[in-house]
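Single-letter residue listing:
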Amino acid sequence: MKECRVRFAPSPTGYLHIGGARTALFNWLLAKRYNGKFILRIEDTDQERSTKDSEEVIFRAMKWLGLDWDEGPLNGGDFGPYRQSERLYIYREYAQKLVAQKKAFKCYCTNEELDEERKKCLEQGKDAVYSGRCRNLSSDEVQKFEKEGRKPVIRFEVPKDKQILFTDLSRGDVKFDSNLIGDFVLLKTDGFPSYNFAVVIDDYSMKITHVIRGDDHLTNTPKQILLYEALKAKIPEFAHIPMILGNDGSRLSKRHGATSVEEYQKDGFIKEAVVNYLSLLGWSPKSNEEIIPIESIIEKFELKDVSKSPAVFDNTKLRWMNSQYIQSIDIDKLVDYAIPFVDKKLYDISDKAFFKRIMTVISEPITVLADVNKEMVYYFDNTIDKTIDEEIKEIFSKESAFTVVENYIERLGNIPENDYNEESLKQALRTIQNEFKIKGKELFMPMRVALTYKTSGPGVYEMLIVLGKERSLKRMKEFLEAISVYK
RNA sequence: GGUCCCUUCGUCUAGCGGUUAGGACACAGCCCUUUCACGGCUGCGGCAGGGGUUCGAGUCCCCUAGGGACUACCA
């Protein structure tokens, strides 16, 4: 494939939807795969709904995912501007050209008139297609409308009896009949372009070679092709990728839970997992791999391997994947990722080495970063729950439980700081095991409880290693004092 | 309504005329084990339905059903 230019063109009317992120990802992947350029374009022609805020939100979400763009609103490029609201003069120019060539015309119909026309068509069982009544207005009629103060729109004159054929890179051949397409609007009364016009002008003038977008645009494609033909412009390749659905099979929306990339970030998903999961929604590397590093995805990504049918977003599987990534990514990276999630009012993590030890241990039980607070309670004196419940009393109703803990405290005290490691810690317990003939649960449960006040939780050695010698000793001594009341 | 697209375990998917229809998540059971988790193993479970074509069809064709998109001066 020669140098390709692909784009992602969101409208800034809200957050970055997870489906949009997937579309962006597929475009980005293709650009990376074939050494092409990935362009970000803001489609803000809806003056009512577009906001700068959501533009920011979208930029942030894309950056978080690592979907960096070669050309776009923030960094510019040779084919800008990259915001449609800043390109109005371009659309007007092309629209006028089309009018001059009699390929487009001014239409003075009001919404009311059009609604009525549509209603009549439907009543007669005909297709609700614009009649083309303003195609050939006389200059008298035009003057009359102008005098009334009516503002025209510019409509494209859709050719009659034309078969529109194209080959979709993911769907194959698709065919449409031009008679079913009404003369659609190019320029609205406010002077802003309509979607179908703006995309074509932009994709054309930005030299886009591959248009990869959601399935919902498949039926827009014939209109756009007609426009390309009218402009005598080269038609790009199209690839329509399936939508993402919620668990009930309908289009993924808020009522299915989190749908914005931001929310996933906030919930503690890590970007590597999200990107990996998203890439597998509608695409498959044809192997049995599931956890695939991004470099490898780039290497394998092909449009022809994109599936045609929609995929249901499965949060459970995303969570599984996230836990896989949390367990396997570089520990320093994980520490960095986790820091923003730590409740600083509860946990003092100024001791970086200590926090790193904690993360090493809790990377297994947590599935999202937000879980850290729940898993960290054992390691801090101010958060551990020191309630002595019946279960604990039961365990320490046996004299041997005291023997274990008391003796371990003594041995631990004798381990020099520079020999404080898992091996020596195990050795110490082994000695007690042999000396007092205590083993299994009788041996470990008292230890676990003395360190955590819980009968389930982190392993004994994990606790000792993470806490370190002093903290461990203090913890166990305190516990003995507390439990001795019930002796 | 019309046009177009889609249809393999509950979910994500592999399959591209000859397979005991493979993998992953979830679920169940077992194992590992000082608890929980992790991990390992086993199991459960699928070609939407009906017609063709063919020696042979998940795979090709047609019909039906279901789902989706478009049919806007929204993108």
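Basis of the calculations
Residues numbered from 1 in each chain as written. Chains lettered and ligands numbered in written order. Predicted model: local features only at pLDDT ≥ 70, side-chain atom pairs only at ≥ 80, totals over all residues. Heavy atoms only, no water. Helix = DSSP H or I, 4+ residues; strand = E, 2+ residues; numbered from the N terminus. Rg over C-alpha atoms; globule rule 2.2 N^0.38 Å. Buried < 20%, exposed > 50% of the residue type's maximum accessible area, 1.4 Å probe, protein only. Near = heavy atom within 4 Å. Polar contact = N/O pair within 3.5 Å; in protein donor to acceptor, adjacent residues only side chain to side chain. Nonpolar A, V, L, I, M, F, W, Y, C, P; charged D, E, K, R; others polar. Pairing = 2+ DSSP bridges. 1 Å grid on protein atoms, 1.4 Å probe; cavity = no way out; pocket = protein on both sides within 12 Å on 5 of 7 lines; lining within 4 Å. Points joined across faces, edges and corners; volume = space filled by probe spheres on them. Axes fitted to C-alpha atoms, helices over the stretch in contact; angles between N-to-C directions. Parallel < 35°, antiparallel > 145°, perpendicular 65-115°, else oblique. Left-handed = near helix turned anticlockwise from the far one by under 90°. Contact = heavy atoms within 4.5 Å. Salt bridge = Lys/Arg side-chain N within 4 Å of Asp/Glu carboxyl O. Disulfide = S-S within 2.5 Å. Arc of directions from axis to C-beta.

Caption draft 1: Examining the overall build of chain A more closely. In terms of regular secondary structure, chain A is built from 19 helices and 11 strands. For a compact globule of 487 residues, the expected C-alpha radius of gyration is about 23 Å, and chain A comes in at 33 Å, more than 25% above that figure. For chain A, the spread of C-alpha atoms along the three principal axes comes to 110 × 45 × 40 Å. The buried share among the 487 residues of chain A stands at 50%.

Caption draft 2: The protein's contact with RNA strand B, seen in detail. Residues in close proximity to RNA strand B total 58 residues, the closest being Arg 171, Lys 188, Gly 282, Arg 448 and Gly 457. Among the atoms of RNA strand B close to the protein, meaning within 4 Å, 71% are from sugar or phosphate groups. Between RNA strand B and the protein, one listed contact pairs a phosphate oxygen with a backbone N or O atom of Val 312 at 2.9 Å. A distance of 3.1 Å is found between a base nitrogen of RNA strand B and a side-chain nitrogen or oxygen belonging to Lys 317. For the surface near RNA strand B, the elements supplying multiple residues, two or more each, are helix 4 (111–123), strand 4 (153–156), strand 6 (172–177), strand 11 (311–312), helix 11 (315–328), helix 18 (441–452) and helix 19 (460–484). At five residues, helix 11 tops the list of elements feeding residues into the surface near RNA strand B. Per-class residue counts for the surface near RNA strand B are 21 nonpolar, 18 polar and 19 charged.

Caption draft 3: Spotlight on the pairing of strand 6. Looking at chain direction, strand 5 (residues 163–168) and strand 6 are connected through six bridges and run antiparallel. By the bridge assignment for strand 6, Ile 164 is matched with Phe 176. Between the end of strand 5 and the start of strand 6, which pair antiparallel, lie three residues.

Caption draft 4: Inspection of the layout of surface pockets at higher detail. In this structure, the largest pocket encloses a volume near 1,300 Å³. Lining the largest pocket are 41 residues, and of these Ala 9, Ser 11, Asp 216, His 217 and Arg 251 lie nearest its centre. Residue assignment for the lining of the largest pocket shows that the elements contributing at least two residues are strand 1 (5–8), helix 1 (18–33), helix 6 (195–205) and strand 8 (210–214). Top contributing element to the lining of the largest pocket by residue count: helix 1, with four residues. Taken together, the residues of the lining of the largest pocket sort by class into 15 nonpolar, 15 polar and 11 charged.

Caption draft 5: Structural context of the packing of helix 17 (residues 422–436) against helix 19. Viewed as axis vectors pointing N to C, helix 17 and helix 19 meet at an angle of 125°, and their least axial separation amounts to 10 Å. By the criterion of interaxial angle, the relationship of helix 17 to helix 19 is oblique. The element helix 17 and its partner helix 19 pack so that their crossing is right-handed. Contact residues: helix 17 offers Glu 422, Leu 425, Lys 426 and Leu 429, while helix 19 offers Tyr 461, Leu 464 and Ile 465.

Caption draft 6: Quick look at the pattern of salt bridges. Counting across every chain of the model gives 41 salt bridges. The partner of Lys 356 in a salt bridge is Asp 332, with the nearest N and O atoms 3.1 Å apart. Residue Lys 356 is found in helix 13 (residues 352–362), and its partner Asp 332 is found in helix 12 (residues 331–338); the two are separated by 24 residues along the sequence. Look at Lys 356 and you get partly exposed, because its relative accessible area is 33%. Asp 381 serves as the salt-bridge partner of Arg 475, at 3.2 Å between the closest nitrogen and oxygen. You can see Arg 475 sitting in helix 19 and its partner Asp 381 sitting in the loop between helix 14 (372–376) and helix 15 (390–395), a full 94 residues away along the chain. A relative accessible area of 3% means that Arg 475 is categorised as buried. Several salt bridges converge on common partners, so that one network encompasses Arg 7, Arg 41, Glu 43, Arg 87, Asp 202 and Asp 203.

Caption draft 7: Main features of the sheet that holds strand 7 (residues 185–187). Judged by pairing direction, the sheet is antiparallel, and its three strands sit side by side in the order 3-4-7 without closing on themselves. Of all strands in the sheet, those bounded by a partner on one side alone are strand 3 (104–107) and strand 7. Averaged over all neighbouring strand pairs, the angle between strand axes comes to 45°, with direction disregarded. Bridge count between strand 4 and strand 7: two bridges; the pairing is antiparallel. Paired with Arg 155 across the strands is Val 185, a residue of strand 7.

Caption draft 8: Highlighting the state of the cysteines. Per the counting criterion, the structure on display carries zero disulfides. Considering cysteine sulfurs only, Cys 109 is the nearest to Cys 107, which forms no disulfide, with 3.6 Å between them.

Caption draft 9: Structural view of the environment of Ile 358. In this structure, Ile 358 sits in helix 13. As a C-alpha pair, Ile 358 and Val 335 span 23 residues in sequence and 9.4 Å in three-dimensional space. With near-sequence residues (within four places) excluded, Ile 358 lies in contact with Met 376, Tyr 379, Phe 380 and Val 466.

Caption draft 10: Structural context of the environment of Leu 137. Following the sequence through the fold, Leu 137 ends up in the loop between helix 4 and helix 5 (139–147). Separated by 263 residues in the primary sequence, Leu 137 and Ser 400 place their C-alpha atoms 102 Å from one another. Dropping the residues within four chain positions of it, Leu 137 is found in contact with Lys 106, Tyr 108, Val 142 and Phe 145.

Caption draft 11: Summary view of helix 13. For helix 13, the complete set of buried residues consists of Phe 354, Phe 355, Ile 358, Met 359, Val 361 and Ile 362. Each buried residue of helix 13 sits inside an arc of 165° when the element is viewed along its axis, so together they form one side. Structurally, helix 13 contributes buried residues whose contacts are with helix 12, helix 14 and helix 19. One side-chain oxygen at the N-terminal end of helix 13 lies 3.3 Å from the backbone nitrogen of Ala 353; it belongs to Asp 351.

Caption draft 12: The arrangement of the side chain of Glu 55 in detail. When you line up the elements, Glu 55 lands in helix 2 (residues 52–65). The exposure class assigned to Glu 55 is buried, which follows from its relative accessible area of 3%. When sequence neighbours within four positions are dropped, the list of residues in contact with Glu 55 reads Pro 12, Ile 42 and Arg 83.

Caption draft 13: Spotlight on helix 12. Where helix 12 is concerned, the buried positions are Leu 334, Val 335, Tyr 337 and Ala 338. Each buried residue of helix 12 sits inside an arc of 165° when the element is viewed along its axis, so together they form one side. Among the structural elements, helix 9 (271–279), helix 11, helix 13 and helix 14 are those in contact with the buried residues of helix 12. Capping the start of helix 12 is the job of one residue whose side-chain oxygen sits 3.2 Å from the backbone nitrogen of Asp 332: Asp 330.

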